[in-house]
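# Descriptive structure summary
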Amino acid sequence: NAGVTQTPKFQVLKTGQSMTLQCAQDMNHEYMSWYRQDPGMGLRLIHYSVGAGITDQGEVPNGYNVSRSTTEDFPLRLLSAAPSQTSVYFCASSAQGGANYGYTFGSGTRLTVV
Amino acid sequence: AQSVTQLGSHVSVSEGALVLLRCNYSSSVPPYLFWYVQYPNQGLQLLLKYTTGATLVKGINGFEAEFKKSETSFHLTKPSAHMSDAAEYFCAVSEGSNDYKLSFGAGTTVTVRA
């Protein structure tokens, strides 16, 4: 089925470890983004990309890196995990003119940093 | 910059009763407004959206919302709650068709009593 695929679904990291959360979409969407969801805070934008080779920071970018080498993939890298990065992470994508076409969300990655 | 306030973090309704979830926004330009639903351990699903035109918007599962510019509100309603409506609901805003970034409210959890 077409959509946004996130892997892994669950991950436990030790403080200081690094890892990459994967996000792939097969809808040829130009726009992709990463959000984190924390209780009582809704979803907050980490990084976003409006096309291959173009990325920008969102509201809470510190501690995270992204790259966009292809239209399909938008991985999120945690360089040195901290307990404050324990959260549920969602990837989303939309066609050009996102607000008109709507956003498609992945099913999320639940990350725990101990 | 845009922002969203959802009034009430928890709402409890009886099955068959009216569901009313409140959302107020701030935006420096005409907003695009969204309601998303999240069922336990799942991603976000679009319920409905307002971009331009008719201010009363109908969505999936019997939900509707009305855009009131004078009140900067976009409240979500459903005339008769069903047990399957138990979920978390998020209001979100973006600043127009070329703004890919969504700003979310903190969310409202709905429980439905039999």
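Presented here is an overview of the structure given in this document. Small disclaimer: the values here were computed from a predicted structure and weren't measured.

The next subject is the state of the cysteines. Residues and elements named next belong to chain A. All told, the structure shown has 2 disulfides over all chains when counted by the stated rule. A disulfide bridge connects Cys23 with Cys91, and the sulfur atoms are separated by 1.9 Å. Where Cys23 bonds to Cys91 through sulfur, the torsion about that S-S bond is close to -70°, and the disulfide is left-handed. A residue pair is termed long-range when its members are at least 10 positions apart, and Cys23 in strand 3 (residues 19-25) and Cys91 in strand 9 (residues 87-94) qualify at 68 residues. An identical accessibility class is assigned to Cys23 and Cys91; each is buried.

The next point concerns the sheet that holds strand 3 of chain A. Residues and elements named next belong to chain A. Sheet architecture is open: 4 strands sit in the order 1-3-8-7, paired in antiparallel fashion. Each of the sheet's edge strands pairs with one partner strand only, and the pair in question is strand 1 (4-7) and strand 7 (64-66). Each strand of the sheet is rotated relative to its neighbour by a mean of 20°, with strand direction disregarded. One ladder, built from 4 bridges, connects strand 1 with strand 3; its direction is antiparallel. The partner of Val4 across the bridge, within strand 3, is Gln25.

Bringing the environment of Leu45 of chain A into the picture now. You can see Leu45 of chain A is positioned in strand 5 (residues 42-51). Spatially, the C-alpha atom of Leu45 of chain A lies 4.5 Å from that of Tyr35 of chain A, the residues being 10 residues apart in sequence. With near-sequence residues (within four places) excluded, Leu45 of chain A lies in contact with Tyr31, Ser33, Trp34, Tyr35, Gly58, Glu59 and Val60 of chain A together with Lys101 of chain B.

Conventions and cut-offs
Residues numbered from 1 in each chain as written. Chains lettered and ligands numbered in written order. Predicted model: local features only at pLDDT ≥ 70, side-chain atom pairs only at ≥ 80, totals over all residues. Heavy atoms only, no water. Disulfide = S-S within 2.5 Å. Helix = DSSP H or I, 4+ residues; strand = E, 2+ residues; numbered from the N terminus. Buried < 20%, exposed > 50% of the residue type's maximum accessible area, 1.4 Å probe, protein only. Pairing = 2+ DSSP bridges. Axes fitted to C-alpha atoms, helices over the stretch in contact; angles between N-to-C directions. Contact = heavy atoms within 4.5 Å.

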